[in-house]
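# Examination of the molecular architecture
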Amino acid sequence: MQADKEIKKWTVLSEEDVSPSPWFPVIKHTVQLANGNVVDDYFFRRWAMWCRYYH
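Let me sum up the structure you'll find in this document. (Residues numbered from 1 in each chain as written. Predicted model: local features only at pLDDT ≥ 70, side-chain atom pairs only at ≥ 80, totals over all residues. Heavy atoms only, no water.)

### Thoughts on the side chain of His29
For clarity, the threshold we go by: Runs of E in the DSSP output that reach at least two residues are strands. Runs of H or I that reach at least four are helices, and both are numbered from the N terminus. Definition of a polar contact: a pair of N or O atoms within 3.5 Å, with one able to donate and the other able to accept a hydrogen when the atoms are protein atoms, and with sequence-neighbouring residues admitted only if both atoms are side-chain atoms. Contact between two residues is taken to exist if any of their heavy atoms lie within 4.5 Å; hydrogens are not considered.
By the secondary structure assignment, His29 is in strand 2 (residues 26-32). Reaching out from His29, the side chain makes a polar contact with the side chain of Glu15 at a distance of 2.7 Å. In this structure, His29 is in contact with Val12, Ser14, Glu15, Val39, Asp40, Asp41, Tyr42, Phe44 and Arg46, ignoring residues within four places of it in sequence.

The structure is reproduced here in structure tokens:
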């Protein structure tokens, strides 16, 4: 990564558990990126040590 570029955080605007299963949780986030764009369909599975992104 170049020294003049930095990774900027996004803001979670909302969070919803969209999975009917307690053993396979799928979470839907609406997030606002650092540039102001809003992504309303950021899905991921919450696990103990990692998560997997679905879009």
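### What about the packing of aromatic side chains?
Going by this rule: Geometry of aromatic contacts follows a simple scheme: Phe, Tyr and Trp rings, the Trp one being its six-membered ring, pair when their centres are within 6.5 Å, and the pair is stacked under 30 degrees between planes, edge-to-face over 60, tilted otherwise. Exposed residues in this analysis have more than 50% of their type's maximum accessible area, buried residues have under 20%, and partly exposed residues fall in between, with area computed by a 1.4 Å probe over protein chains only.
Counting across every chain of the model gives 2 aromatic pairs. Look at Trp10 and Tyr42: their rings are 5.1 Å apart centre to centre, the planes differ by 65 degrees, and that puts the pair in the edge-to-face class. Of this pair, Trp10 sits in the segment before strand 1 (11-17) while Tyr42 sits in strand 3 (residues 38-46), and the two are 32 residues apart along the sequence. For Tyr42, a relative accessible area of 15% puts it in the buried group. Note on Tyr42 and Phe44: the rings are 6.0 Å apart at their centroids and 45 degrees apart in plane angle, and the pair reads as tilted.

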